[in-house]
Structures are given as structure tokens and as C-alpha cells.
Amino acid sequence: MTTTELLPDLSPELRTVLDTVPDTGTVRGGDVVWDDDGTPLEGWLATPDAAASADPDELRPAVLVLHDWFGVVDHVKVRAVMLARLGYVALAGDVYGQGVRPGPEEAGAQAGAWYGDVPAFRARLAANLERLRSEPGVDPARIAVMGYCFGGSGALELARSGADVAAVASFHGGLGTQLPAEEGAVTAPLLVMTGTADPVVPDDAVVAFEDELRAAGATDWQVVSYSDAMHAFAVPGTDSPEHGAQYQAVADRRSWAQMRAFFDEVL
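Below is a short write-up of the structure. (Residues numbered from 1 in each chain as written. Predicted model: local features only at pLDDT ≥ 70, side-chain atom pairs only at ≥ 80, totals over all residues. Heavy atoms only, no water.)

1. Description of the overall build of the protein chain
- Per the secondary structure count, the protein chain includes 8 helices and 10 strands.
- For 267 residues, the compact-globule estimate of 2.2 N^0.38 gives 18 Å, and the protein chain sits close to it at 17 Å.
- Along the first, second and third principal axes, the C-alpha atoms of the protein chain reach 50 × 40 × 40 Å.
- Counting the 267 residues in the protein chain, one finds 54% classified as buried.
- Looking at the protein chain alone, contacts between residues at least 24 apart form 67% of all its contacts between residues at least 6 apart.
- Taken as a whole, the protein chain presents about 11,300 Å² of accessible surface, with 50% of it coming from carbon and sulfur. (Helix = DSSP H or I, 4+ residues; strand = E, 2+ residues; numbered from the N terminus. Rg over C-alpha atoms; globule rule 2.2 N^0.38 Å. Buried < 20%, exposed > 50% of the residue type's maximum accessible area, 1.4 Å probe, protein only. Contact = heavy atoms within 4.5 Å. Areas by Shrake-Rupley, 256 points an atom, 1.4 Å probe, with all protein chains shown as cover.)

2. A few points about the sheet that holds strand 3 (residues 60–66)
- With mixed pairing, 8 strands are arranged side by side in an open sheet as 1-2-4-3-5-6-7-8. The outermost strands of the open sheet, each flanked by one partner alone, are strand 1 (27–36) and strand 8 (221–226). Between one strand axis and the next, the sheet turns through 20 degrees on average, direction left out of account.
- Pairing analysis gives 6 bridges linking strand 3 to strand 5 (residues 138–148), with the strands arranged parallel. Counterpart to Val-63 in the pairing with strand 5 is Ala-144. (Pairing = 2+ DSSP bridges. Axes fitted to C-alpha atoms, helices over the stretch in contact; angles between N-to-C directions.)

3. With respect to the nonpolar core
- In this structure, Trp-44, Leu-83, Met-146, Met-193, Met-259 and Phe-263 are the most contacted members of the largest nonpolar core, which totals 43 residues.
- Of the residues forming this core, the biggest block, 7 residues, is contributed by helix 3 (residues 74–85).
- Leaving out residues up to four positions away in the same chain, Met-146 has contacts with Val-63, Leu-64, Val-65, Leu-66, Leu-83, Ala-155, Ala-169, Phe-171, Trp-256, Met-259 and Phe-263. (Core = buried A, V, L, I, M, F, W, Y, C linked by side-chain atoms within 4.5 Å.)

4. Considerations on the packing of helix 5 (residues 118–133) against helix 6 (residues 150–160)
- Look at helix 5 against helix 6: their axes get within 9 Å of each other, and the N-to-C directions meet at 90 degrees. Classified by the angle their axes make, helix 5 and helix 6 are roughly perpendicular. Here Val-118, Phe-121, Arg-122, Leu-125 and Ala-126 of helix 5 lie close against helix 6, whose contacting residues are Phe-150, Gly-154, Glu-157, Leu-158 and Arg-160. (Parallel < 35°, antiparallel > 145°, perpendicular 65-115°, else oblique.)

5. Overview of the side chain of Ser-153
- Of note, Ser-153 is situated in helix 6.
- Excluding residues within four positions of it along the chain, Ser-153 makes contact with Tyr-115, Ser-170, Gly-173 and Gly-174.

Right, here's the structure in full:
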């Protein structure tokens, strides 16, 4: 299936980023709906076509892609397709709930409600993880989590909770939490990518996060900082430097390459 058929209304900026991973022509994708304790969730699943594989019964590594504060919009769907082109099963997960896709004026409050209730946030993230784990063809021992902004924070909350995943990557996610990791809780390897000009993650927040990981006894983590990169540096189309958020192509390209190398190693 062509990408145009999967995602017909992409912006030029998103299409440019999508095209950095060659189109194999073998990716399938579409909406998936499931239930979390009575709340319907609607994500977007991208999978390599098993029929095109040398061994269609082979279990595949998988990645849960967590959205920013705008919900399951085209950006995370594009990232899911990019991952599927690389051979991963990829679920663009849904934290907010089916049909909840806030605009700029509502997004802060929507995300803030989850930041303010970390146990509920972690439970909803875990429901997304289990939906991916239940997908046919997924290798349960090779599942990674990645996220952008709000989703990057969510990926780290899963790590703090001791989620059984093989890797966690955060793109310009907030690093603070109301529930710091307990000793021994963080078992997944971590890759944290942040911008040196991100007002959401100032230098002292990076140091505090590193101290949290040390205190928790986390053994495999790295923090990569990109010079002059603002918040949302890996979300094409973002252009609000007056609010400290702006897409930066160099940081986007380098962070994606860093993530690919990380996943290649651990998955």
C-alpha cells in the first residue's frame, strides 16, 4: 500500500520527513480501537506486510510511539510508518481517548491533567503497551517505547514504573515527575534527547533527572543534548520560537539516527 493511500493529507513538511526512510511499498496501516477499563482508545497501527517477508511467521520487534499534547495526529502516524518501513510493528498510541484531539488552546490543559495524576497516566500508558504486545506477530521480548514532548515524558514514566520493555527513547520530553523512580525500578535502557534551548527542560532539570537515575540505580542510560534546539525540535511544522518551540531539521535528523542506532543495538 502506498503512503499516499495510507496518509493522503500530509503536510509538505511531514512528507519530507517521511521520505527520509525509503518507501518499501509493503507497509499496511490504519486506525485501531480498544478499551481501557471502559474508555475507548483509538491509535494508529503500521505494520510491515508479512507476505513480503522471507519468513511471514517470524516475530517482529515493535515500537509504541507516544504522541505530543495534540493527540494522535499525522506526526505520530508518520513516525509509525517510518518505523514500519524499517521492519518494526509500530503503534501510535492514544493517551487521551477516542476522538480527543485538542487544538492549541485546549492541549495544555488536556496534557496537564495527566501530568497531575501520574498513577493514572502510567496506567493509561500501560494499556497502550499491552495493546501493542497483543498484536499478532509482535515479539514480546523486543518492544520499545518512544515519544515526543508529552509522549516523551510518558515514555519515561513507563520506564520509572518498571515496565517490561527492551528500550525507551524520549524526544524533547519533560524530565520531571511527581513520582521519582524507586531504587531498582528502571530496568530498560534509556535514550533521552533534549535541546539546549528548550525552556521546558533547562539545564537544572537535566541534572536533576540524571541524579534521579543514579539514585534509582539505573545502569544503562544516556542523555544527548542538541545545541540551540528548542522544544519540539523533532516535530515538523512547529514554529513558535517566542514560546520556545521550533522545529530544527538538524536536531531532528540526528536524533532519529541516534534512535535508530539505539534500537538496532537493543532490539
